[in-house]
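Residue strings, one per chain:
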Amino acid sequence: MMVKKIAFIVLGFLVGIAFDMVPHAFEVVAKTNVCRESCSNLLKVVSIVIYAILPMAWGGLLGIVIGEHHAKRILLTSALFSLVIMAVLTWFLYKQQHP
């Protein structure tokens, strides 16, 4: 049982990393770029915090909710929430680069 839980935590961590790739996917698909070094310090800090928290949150979430009664609904809601957070971050990074 413990091995299964650890496997889901690792899987959740990888899912969080996949959500972290949304800004890069936007750059590739739209053939544009978002700010990196040219961002304001506040935006750099916020993006680093989001990039760090998202994989850890997904790892914890999958480790906790797998096997629960409403796990599917919780995971779907969390996925939509993560997508919205990353979309908003991507928009801010794009607007900073292209005022």
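Anything mentioned here points back to the structure above.
A.B. asks: Quick question: what am I supposed to make of the overall build of the protein chain here?
C.D. replies: Summing up its helical and strand segments, the protein chain has four helices and zero strands in all. Along the protein chain, helices (α) and strands (β) appear in the sequence α-α-α-α when read from the amino end. Dimensions along the principal axes, computed over C-alpha positions, put the protein chain at roughly 50 × 20 × 20 Å. Per-residue burial over the protein chain gives 27% buried out of 99 residues. Counted over contacts in the protein chain with a minimum sequence separation of 6, partners at least 24 positions apart contribute 79%. As displayed, the protein chain offers around 6,800 Å² of accessible surface, 75% of which is attributable to carbon and sulfur atoms. Each charge class in the protein chain can be summarised by its mean position, and for the 8 positive and 4 negative side chains these summaries are 7 Å apart.

A.B. asks: How do you make sense of a nonpolar patch on the surface when you look at a structure like this?
C.D. replies: Together, M2, I6, V10, F13, L14, I17, M21, V45, V49, I53 and M56 line one region of the surface with nonpolar side chains, adding up to about 1,000 Å² of accessible area. Elements that contribute at least two residues to the nonpolar patch include exactly α1 (2-20) and α3 (41-65). No other element matches the six residues that α1 contributes to the nonpolar patch. With respect to the element layout, V49 can be found in helix α3. In this structure V49 comes out as partly exposed when scored by relative accessible area, which is 40%.

A.B. asks: Can you walk me through the side chain of T90 in this structure?
C.D. replies: As for its placement among the helices and strands, T90 is situated in helix α4 (residues 71-97). With near-sequence residues (within four places) excluded, T90 lies in contact with V22, P23, F26 and V34.

A.B. asks: Would you explain the environment of L75 in this entry?
C.D. replies: Tracing the sequence through the fold places L75 in helix α4. Using a relative accessible area of 19% as the deciding quantity, one classes L75 as buried. A sequence separation of 28 residues divides L75 from S47, and the C-alpha atoms of the two residues are 23 Å apart. For L75, the residues in contact, after removing those within four places along its chain, are W58, L61, L62, V65 and I66.

A.B. asks: Where do I start with the state of the cysteines in this structure?
C.D. replies: In a disulfide, the sulfur atoms of two cysteines are covalently bonded to one another. For the coordinates displayed, the defined rule picks out one disulfide. Two residues share a disulfide in this structure: C35 and C39, whose sulfurs sit 1.8 Å from each other. When the S-S torsion is 95°, as for the bridge of C35 with C39, the disulfide is right-handed. Take C35 and C39: they sit in the same class, and that class is buried.

How each quantity is defined
- Residues numbered from 1 in each chain as written.
- Predicted model: local features only at pLDDT ≥ 70, side-chain atom pairs only at ≥ 80, totals over all residues.
- Heavy atoms only, no water.
- Helix = DSSP H or I, 4+ residues; strand = E, 2+ residues; numbered from the N terminus.
- Buried < 20%, exposed > 50% of the residue type's maximum accessible area, 1.4 Å probe, protein only.
- Contact = heavy atoms within 4.5 Å.
- Areas by Shrake-Rupley, 256 points an atom, 1.4 Å probe, with all protein chains shown as cover.
- Lys, Arg positive; Asp, Glu negative; His and termini not counted.
- Charge placed at Lys NZ, Arg CZ, Asp CG, Glu CD.
- Patch = residues over 30% accessible without salt bridge, like charges linked within 9 Å, V, L, I, M, F, W, Y side chains within 5 Å.
- Salt bridge = Lys/Arg side-chain N within 4 Å of Asp/Glu carboxyl O.
- Disulfide = S-S within 2.5 Å.

Any functional reading would require information that these geometric values do not contain.
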